[in-house]
Structures are given as structure tokens and as C-alpha cells.
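Summary of the model geometry
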Amino acid sequence: MEHIIRGKFGRIVISSYANNPLKYGSRKTFHRSISSLWGGRALERSRPLLYQHYRYQRREYGMLIVRALRGVLKIRYLLLGGAVAGGGALQKKYQDWKDGMPDLKWLDEILPDNEKWQQWRGNLIEFKDNIKDNIAIDPRIKSLTESKLGEFRSWFDQRLDNAIEAADQQNGQLPPAVDGVFSSLSEFVDRLYSDTKDMNTVFAKPFSESTDRDERARRDAQTRLNNLQEEIIQTQIKYQRELEKLEKENKELRKQNLLLKQGKKAPLRKIKRSLIDMYSEVLDELADFDSGYNTQDQLPRVVVVGDQSSGKTSVLEMIAQARIFPRGAGEMMTRAPVKVTLSEGPYHVAQFRDSTREFDLTKESDLADLRREVELRMRNSVRGGKTVSSEVISMTVKGPGLQRMVLVDLPGIISTVTTDMASDTRECIKQMTQTYMNNPNAIILCIQDGAVDAERSNVTDLVAQCDPNGKRTIFVLTKVDLAEENLADPNRIRKILSGKLFPMKAIGYFAVVTGRGRKDDAIQTIKDYEENFFKNSKLFKDGVIRSTQVTTRNLSLAVADCFWKMVRETVEQQADAFKARRFNLETEWKNNFPRIREQDRDELFERARSEILDEVVNLSQVSPKQWEESLMTKIWDKVSSHVFENIYLPAAQTGSSETFNTSVDIKLRQWAEQALPAQSVESGWETLQQEFQNFMKKANQTPNHDDVFDLLKAAVVSEAMQRHSWEDKASEMLRVIQLNTLEDRTVGDKRDWDAAVKFLEISVKNKLKQTEDLLKTFLGPSAKERWLYWKYQSEEQAKRSAIKSELDKILYANERHPPLLSYDEMTTIRNNLLQRNSIEVDNEFIREVWFPVYRRHFLKQSLAKAYDCRKSFYLYHQQADVDCLDIVLFHRIQQMMKVTANALRQQITNREARRLDKEIKEVLEDYSQDIEKKEKLLTGRRVTLAEELKRVRQIQEKLEEFIQALSKEKNQNIENFKTAILGTFESLYL
């Protein structure tokens, strides 16, 4: 640390000894150094120099204080100038604001002037003196003590003085706001009228000494009070009309502004969605994702509940300002939840969520179409013999002046299930209502019919269970006009609207009139009727109902405020819940399917569509030879039974070549003209299906096969094959070809002969195998099987074995035995069985065993004949006596099958494959629109997890988008407020 001393002897730098001990060594050395610097003078001689420096610093401090005072004194001029300028600006601003205020001169015609106030005050004072001087207490009240009478008189004087003082305060003064005038004046009149009612109650008993003057004064006061209250009601109604007129003008201007703005926008620019539309989209996504309405959906909405025919739908229509719902006399009309999204727009229109049509609510024809569409959708949503459905019908209503909110109209709660309803209707409605109300963020709009006894209400108990504290319930009393006519005690309505009659609680109580019992009344007609009713209602005049508790307009404003308050308080919490759920689902997917991309049902269906259509294209890769071999195999499987049973065996068993050829020719022609073409077409259809399924099976065996598509592919192929039908002209074309081929008995070359022999051998062997299998079933296990495998014959099988032994003897004796047994042979067989085995059987039982035994015997002979005819082609060609007619028959059938297969193959490749491709595309298109089909055919945890993850992402993104828009609107409002405040301050400063 260094100390610098300035003076006339120069500048001396003194370093701190503590900081630099090495330089000076010691304190003594330090003093010698200083003395040497001053030329031998001692350090004490420097004191005058330090004192001058101290005086110089004090002078500098004084100058600083003077400068500060001078700056402070300048502020007074700034303040004075700012005050003068701000006063002028404030005066100008006040004048501009005053010029912008609406013209309220019409209030002068309604409110009393100073003279009337003074006259009214004098009447009250005169009324007070008359009552005090002339009213005597009934002698029958002598039991009262003098202290009680004095207390009563002082209380009465104080109430009259309060009334006169209130009149003085209101005398000739116009409050700064019109709402304040009506509020204070109404409160004053209500208080004055309450005092008068108390006086009437006190003096209701007949007084023996009351005079006519007292009675006349009371009547005059009562008349004046009624007239004044009537004037107040008229003033409120006129003020309400003026407000509605201004609002209509404002709406018209905003409508024109919206139209102008929309006209200036580029045609391709995306229209900005409103907050309520964005919120409604979130609710729609939740309705699709969570059809059971589970607890994870806790977003706010206004739930309209009430007993059946309590006026729920009418209240909703008054809020929407359109008759949009069907109605019936005493019939359940609301059969499913209807979600109505209300928003403001230039035109009054309605639109369903899944439709592009807009219904113009200003036209009766569109209103009628809308009501029919709502009724149709409700009836279509009810399935399985039910009366109500939980499927939500979503619609949007836009129009000038509509409050932004989302309402859900639920079926009315019933007390009795009628014969035309399902037995569980009451419980279904109750469960559905409780499900919606149990949402902790739902606003319950409880509708109570005022025309029925309160003890018959069912909805109030349910509301009390779901919202016991009434923090999110708004109570609405409907049909108040009928209640006024039917109720003898108006205090009952007072108790209802003050929350003292029903066990439930609410944050607000309202009384409305939503119609006159005529379903064709327009909304404006109902509003006029409601206004006139409350204007002339005794309930309103008697103070039973407050002005803030009446009309559907006040109700809609209150409901909208509660709705948006609940939305702002809970939407971020719900977004966080879906964010957490998304994280859990993504974690599950990464753990279970780490190498598979997330694909929902729609994406999987498109993949399956592509693979199926690829397999249809692969049909063109089948060679003609493969097609014809497959077709011939399928045709022979289809017709072999007919060939053996109806053509070959009957003709061959005759034993005559002439009879054989004649029988074969006749039966072949009949067959070709009748059944053969249809059987051939059916064979072609089955072959096409079989080849296509073979391609599908090969695709399923590839390493990259995904088994999630198997059910869908099988269902699509099966449905397409059921729809596919061969061309009608194909049968007629085949008939001609087949007739010409079957009539040709010529075997052209040795190759055809050998092919026919081989075809006959294979066919006879297959038939022989089938016959032996039948015989084995008839006879049971053989002797070897009985010895080695401990198998036993049944009683019938033992009888058949015995009969077979007798039949083998007959066939051994006569190898060319005819196909039928004679009567003598039957008798011989029965007698032999009875004598040797003690078995008694009838002729039918013997014939049953004879049929397969003789069939096997004959087929063995045919097979042996085919072996003999292998080398008989040249003998047959030289027309030698060769018994090979069987070969010629099967050659004719084989050639017919070849030409038929060739014709069918051409039809498949040229026409039917393309028609199958078209039908598969149609089936795929139908399935793509059927959500239930996709849910049934695309299953598994992988599918459901991907589907759930996709929907949760969509909901979370929409919620975040809505929250950003909500925050942006809030910030914009704050910025506007700040701008206004800054503008005011700038004006004041200038």
C-alpha cells in the first residue's frame, strides 16, 4: 500500500512498512529514508501541508453538496411542468372518453327528478308522523310490558329514519355507471319494500281504534311502492334491450370484419382455428380413444343432466339459440350422449364432426334435416336390443354471440322401465350419468323441472353423490311459469333457488323459461315469452327471485365463465398425465419390440394390402402347363364319381360291347349337355383359389414373414372368392367344346393310347382302394390284426365276414357273375349261414355286403383288362376283335378334360385373374373403412400397444397445442393491457 502526499515540495510516495519490510528493514531505517528525501528536515514539519490538503478536500465536498441541491431544485420545475402538461392531457382524455360514452338521456325520462325525490321524501315523513301519532295499540295487547312497547317504538322509528336517510342519499344524484344505478336503486327499493312488508306483518291484525286516514295512508304508500318497483322493472328491461341492440350491432360489425378479413386471405392459407374448436378436437380424440370414458379423461366439459322431460334439451337449445334436437310428447328422445361445441362465428350453422355438410340454422328446412339426422344417428347408435347407447354424437354449432363452451346432453333419468325398453335401461342411464359426473373437472348443469313436486326428483340425489360440496354444480329450475301457477307457496321456490330445499349444493342457482309447450315456437319467440313472464311475474315482484338468477342468457354467461375457469385450472395437469402415460408406453415398446417400427392398424392394413396385391400379380407367373395340370386334376376330382357310378360301371357290367358303346354315348351326351359345363367352371374357380392360396402359403414361409397379417389375409381371400363368380358365357362355350370332344371315339396314335391306359389304371386303382377301405370298415379287423393287436369284431362285423365268405364262393364259381344276386342265391346264403354259423340275416343285409364285394371283384377284372390292353393299340387300330372299350371311353374323357382345361386356363389368364384382382381390391377397400373388421383381424399386444401409443401422442400434441394457444391469448391480453397503461402514462407525461 502506498500513501501519496501532495504539496508545494513535490510528491512523496510512502510505502507501507507492513507490505514492504524488506525494502526498509526496520522502522528506524524507514524514518531515515524519509528524512533523506526531504533534505534533512524532520517528518513532523509536514503537518501544515497535510492540513492544507484537508481544507482542499472539505471545499470539494461543499461544492458537491451545492451541485446536488441545485439538481434537486431543478426537479420542482420538471414536476410543475409535468403536472401542468399531464393535467391538460388528462382533461383532453377525459373529454374524449366523455364524448365516446353512449347517450344516456333516455334515463332522464325514467329516473325521477329532484322535485319528485323531495315529494317522495315528504310523503315518507308524513307517513311516518301519521303512523306515530294516530296508530294506537290494540288494548288486547296489554300483556306486553312498557319496556317491550318502548323497544318496539324505537325499532320502528329507526327503520323509518333509515328509509328517509336512504332516500336523501339518492335524491337527485346520477351514479357514474348505469349498472350502479340499477344495483343501488334496486337494493334500496328491496330494502324499503322489505321494511313495508315488516310493517304490514306487524300491523296485520285489526286495530279497533285505527282510523280511515291511517288505512288510506298505508294504501297510498303501498301503491307508490308498487309503482316504483314497476318502473324499476321497466327500466331494467329497457336497459337489457339496449344492451342487446348494441351487442347485435357489434356482432354485425364483427361479422363484416371477419368477412372482409377472410376475403383478403390467400385461398391456400390455412384458416386459424379457435380455442374452443381446438379443445373440442381433443375431446373427440379422447372419445375415440377411450370409448368407455375411463378416469384418465378428466378434461372439463359441461354435463347436462336431469330427469326425463325436465327440459334439458330445451335449455341446451336456448343456449345454442336454435331448435336442433328432435322432440316427442312424453317419449324418450335422447338415446345417446350428444356433444355440442358452441363457438362464435359470422353465420349461424351446425355441422357434424364426421360430415362436411353445414346446416343453416336460420332456415326451417335445414333445421328439420338436422333434427332428422340427429334422430337417425341416435337410433343407429343403439345396438344389441338396447334402448340407449354410450356412443357419442359430436356436432359443432357456430353463430354470432354464442358463448364458447362444450356441452354434453345425456339421456334423461327415468323412474320406470316401460315394456318397449330394454330391462337394463334405467341402470344404463344411471351408470352413464354417474360416469360423466364423476369426472372431477366436469361442470354439472343440473336441470330440475319446476312444474313437478321436488320430492319426485331423481337427479338431485345423483348430483349430491357425485359433487357433495357443490363446487362444480349449477342448478337450473325450468318451467317456472308453470310453477308459479301450480305452487301455492312461493317460499318453496325461494328455498329451491337458495339451495335450502334439495340435499344437493351448487355454486349457482338459476330460473328459466324455455318454452310455452309448443314445439314449433322459434327461439326468439321463447326469449320474448321468457322476458314478458319475468317482467310480470309475482315471484320477481315479491323478491322471491333476484334479477341475476333469471333468463337463459345469464345462465349461459355463468356456465361459460365456469367452463373456461375450469379449463385454465386443469388442462396443464391433464397434459402432464398424458405425457407420463406416453413415456410408459414408449418404454414398454422399446423393451418388447426394440427392432420393429411402431405401426398402428391403419399402417399395418396398408402393408397387408400391398402384400396381398403382390400375390395376385404373381398369378401371371404360373406356366400354362402348371395351370392345365392343376385344372385337369381338379376336374377329375369333381367328375370321377359321376363317371364311374353313372357311366362306366353300368355300361361295363352289361357284358356286351354293343350295349356298352350305346349306353356310354347316351350318358356322355346327357352329361355334357347338363352337369358337365357347370362342374368344369366350378373346377376352374376352385383351381384359381387353390393356386392363389398356394402363393399366400409360400409367402408365409419366407424368413421376413410377419404373422400379424395372417388372419387378415385369410379373411380377404375368402371374402373375395365368395364374391367371385365365373362369367356366364363360359359354360355355354364349354358345352360346345365338350360335346364335340366326347363324340370322337378315335384314338389317333400310340401315345394317346398309352396315356388312356395309364389314366384308366390310375383311376381304377384309386377306386379299388376306396372300395377296399369300405370293406375293411364293414368287416372290421382281420385275423392278423385280431391276433397281433388284440382287436375284436363287433357282432355285425362278424355277420358281414360270414356273408363275405359265402359271396366269395359264388364269385369264385362264376367270375362273370352279373351285378345282382338271384333269389336262389340269396336263399342259399341264408341257409348256409343258419346251418353253419347259426346266423340269421335278411336279404337287405346280404345286399349291403354284396355291393362292395362285387365292386372290388369287378374293378380287379377291369385292372387286369387294362394291363392286357397296353399292347393292343395296333390290334385295335386294325379293327381286330379286342375287348378294350374301357380304354376308348377313358380316352374320350381324357381328351375332353384336356380341351376343358385349356379353355379354362385361357379364361383365367385373360379374364378371371383380373376380375379376382378387382374383387380383392374391393374387399380391401371395404375392410379399410370397417374399424371393427380391422380390430378383429389385426390383433396382438404389438398392435394394441402401437395403436394406444399413437392415440396418446395425438392427444398430448393437441393438448399442448391448445395450451400454447391459451397461453398466447393470455399473453396477448396482458400485452394489450400493458399497452393501454403505457399509453395512459405517456399521455399524462406529455
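The written sequence of each chain sets the order in which its residues are numbered from 1. Given that the model is predicted, a residue must reach a pLDDT of at least 70 before its local features are reported, and side-chain atom pairs must reach 80 or more before they are shown or counted; all residues, however, enter totals for whole chains, interfaces and linings. Values shown for side chains rest on all heavy atoms present in the structure; no hydrogens or waters enter the calculation.

**Side note on the overall build of the chain**
- The secondary structure listing takes helices from DSSP runs of H or I that are at least 4 residues long and strands from runs of E that are at least 2 residues long, numbered from the N terminus. The number of helices and strands found in the chain is 33 helices and 11 strands.
- The buried label applies to any residue whose accessible area, calculated with a 1.4 Å probe on protein chains only, is under 20% of its type's maximum; exposed applies above 50%, and partly exposed to all values in between. Every one of the 990 residues in the chain was classed for burial, and the buried ones make up 40%.
- Any two residues whose heavy atoms approach within 4.5 Å are treated as being in contact. A sequence separation of at least 24 residues applies to 79% of the contacts in the chain between residues at least 6 apart.
- Here, Shrake-Rupley sampling with a 1.4 Å probe gives the accessible areas, and only protein chains in the shown set may cover a residue. Counting every atom, the chain has about 57500 Å² of accessible surface; 50% of that belongs to carbon and sulfur.

**Quick notes on the nonpolar core**
- W636, Y648, F692, L889 and I920 are the most contacted members of the largest nonpolar core, which totals 96 residues.
- Take this core: its biggest share by element is 16 residues, from helix α31 (residues 885-929).
- Excluding residues that lie within four positions of it along the chain, L889 makes contacts with I647, Y648, F660, V664 and L668.
- Side-chain atoms within 4.5 Å are what join buried Ala, Val, Leu, Ile, Met, Phe, Trp, Tyr and Cys residues into a set we call a nonpolar core. Counting 66 residues, the second-largest nonpolar core is a separate cluster that includes M378, F510, L555 and F563.

**Considerations on the side chain of T425**
- Inspection of the secondary structure assignment puts T425 in helix α12 (residues 425-437).
- Residue T425 is classed as buried on the basis of its relative accessible area, which comes to 1%.
- N or O atoms closer than or at 3.5 Å make up a polar contact, with two conditions inside protein: a donor-capable atom paired with an acceptor-capable one, and, for residues adjacent in sequence, both atoms drawn from side chains. Side-chain polar atoms of T425 contact the side chain of T387, separated by 3.1 Å.
- A polar side-chain atom of T425 sits 2.7 Å from the main-chain carbonyl oxygen of A422.
- Ignoring anything within four residues of it in the chain, the contact list for T425 reads M332, T387, V388 and I414.

**Quick look at unusual backbone geometry**
- Here T551, not a glycine, exhibits a phi torsion of approximately 75 degrees, which is positive.
- Counting through the fold element by element, T551 comes out in the loop between α17 (538-541) and α18 (552-592).
- A relative accessible area of 22% places T551 in the partly exposed class.
- Positive phi values are uncommon outside glycine, yet S838 reaches one of about 55 degrees.
- One can find S838 in the loop between α28 (823-836) and α29 (843-868).

**Focus on the pairing of strand β3 (residues 302-306)**
- Taken across its 5 residues, β3 has 5 buried, putting it largely inside the fold.
- What you see with β3 is no split at all: V302, V304 and G306 on one side and V303 and V305 on the other are buried throughout.
- As defined by bridge partners, β3 adjoins strand β8 (residues 405-409) across 3 bridges and the pair is classed as parallel. Bridge pairing links V304 to D409 in β8.
- At least two DSSP bridges between two strands are required for those strands to pair. When β3 meets strand β9 (residues 443-449), the two strands line up parallel, connected through 5 bridges. When the sheet's bridge partners are listed, V302 is paired in β9 with I443.

**Some points on a negative patch on the surface**
- What makes a patch is a set of residues exposed beyond 30% relative accessible area and free of salt bridges, joined within 9 Å when like-charged and within 5 Å when nonpolar (Val, Leu, Ile, Met, Phe, Trp, Tyr). The term salt bridge refers to a pairing of a side-chain nitrogen on Lys or Arg with a carboxyl oxygen on Asp or Glu at a separation within 4 Å. Asp and Glu are treated as the negative residues and Lys and Arg as the positive ones, with His and the ends of the chain left uncounted. Lys charges are placed at NZ, Arg charges at CZ, Asp charges at CG and Glu charges at CD. There is a patch of like negative charges on the surface, built from E572, D576, E957 and E960.
- Listing elements by their share of the negative patch, those giving two or more residues are α18 and α33 (941-989).
- Structurally, E960 is set in helix α33.

**Here we look at the packing of helix α20 (residues 624-652) against helix α25 (residues 750-779)**
- A fitted line through C-alpha atoms serves as each axis, taken over the contacting stretch for helices, and the angle formed by two N-to-C directions is quoted from 0 to 180°. Packing of α20 against α25 leaves a shortest axis separation of 12 Å and a crossing angle of 80 degrees. When the axis of α20 is compared with that of α25, the two are roughly perpendicular. Across the interface between the two elements, W636, S641, F644 and E645 from α20 touch F759, S763, V764 and K767 from α25.
- As a working rule, the residues Ala, Val, Leu, Ile, Met, Phe, Trp, Tyr, Cys and Pro are called nonpolar, Asp, Glu, Lys and Arg charged, and the rest polar, with Gly in that last group. Residues that form the contact of α20 with α25 fall into these classes: 4 nonpolar, 2 polar and 2 charged. Here roughly perpendicular refers to angles of 65 to 115 degrees, roughly parallel to angles under 35, roughly antiparallel to angles over 145, and oblique to all remaining angles.

**Brief notes about the packing of α28 against α29**
- For the pair α28 and α29, the least separation of the axes is 10 Å and the interaxial angle reads 100 degrees. Taken together, α28 and α29 sit at an angle that is classed as roughly perpendicular. Residues M826, I829 and R830 of α28 form the contact with α29, whose participating residues are N843, I846 and R847.
- The residue makeup of the contact of α28 with α29, split by class, is 3 nonpolar, 1 polar and 2 charged.

**Some points on the packing of aromatic side chains**
- Stacked, edge-to-face and tilted labels apply to pairs of Phe, Tyr and Trp rings (six-membered ring for Trp) whose centres lie within 6.5 Å, assigned for plane angles under 30 degrees, over 60, and everything in between, in that order. As enumerated under the stated definition, the model contains 20 aromatic pairs in all.
- For the ring pair Y279 and F962, a centre distance of 5.2 Å and an interplane angle of 45 degrees mean the geometry is tilted. Of this pair, Y279 sits in helix α9 (residues 275-289) while F962 sits in helix α33, and the two are 683 residues apart along the sequence.
- Ring centres of W589 and F593 lie 4.9 Å apart, and the angle between their planes is 45 degrees; on these two criteria the pair is classed as tilted.
- Here W589 falls in the buried class, since its relative accessible area comes to 4%.
- Since its relative accessible area comes to 18%, F593 is described here as buried.
- Taken together, the ring pairs connect W636, F644, Y648, F759, W850, Y854, F858 and F890 into an aromatic cluster.
- The rule is short: NZ of Lys or CZ of Arg within 6 Å of the ring centre and within 35 degrees of the ring normal puts a charge over the ring. Here the basic side chain of R377 rests over the ring of F352, its NZ or CZ set 4.1 Å away from the ring centre.
- Here the guanidinium or amino end of K698 rests over the ring plane of F695, the centre of that ring lying 5.7 Å away.

**Describing the side chain of R892**
- Assignment of secondary structure puts R892 in helix α31.
- Judged by relative accessible area, which is 5%, R892 ranks as buried.
- Excluding residues that lie within four positions of it along the chain, R892 makes contacts with V664, D665, L668, T741, L742, E743, D744 and R745.

**Considering α28**
- The terminal C-alpha atoms of α28 lie 20 Å apart, and with 14 residues this matches the ideal 20 Å at 1.5 Å per residue to within 8%.
- Following α28 by one or two positions, S838 has its phi on the positive side, about 55 degrees. Expected helix span is taken as 1.5 Å per residue step, with the number of steps being one fewer than the number of residues.

**A short note on α25**
- Over its 30 residues, α25 runs 42 Å from end to end, which matches the ideal 44 Å to within 8%, given 1.5 Å per residue.
- Backbone geometry just after α25 places G780 at a positive phi near 85 degrees.

**Topic: the state of the cysteines**
- Pairs of cysteine sulfur atoms within 2.5 Å are what we label disulfides. Counted under the stated rule, the structure contains 1 disulfide.
- Between the sulfur atoms of C869 and its disulfide mate C884 the distance is 2.1 Å. Where C869 bonds to C884 through sulfur, the torsion about that S-S bond is close to -100 degrees, and the disulfide is left-handed. With C869 in the loop between α29 and α30 (873-877) and C884 in the loop between α30 and α31, this residue pair connects regions lying 15 residues apart in the sequence. Here C869 matches C884 in class, with each residue buried.

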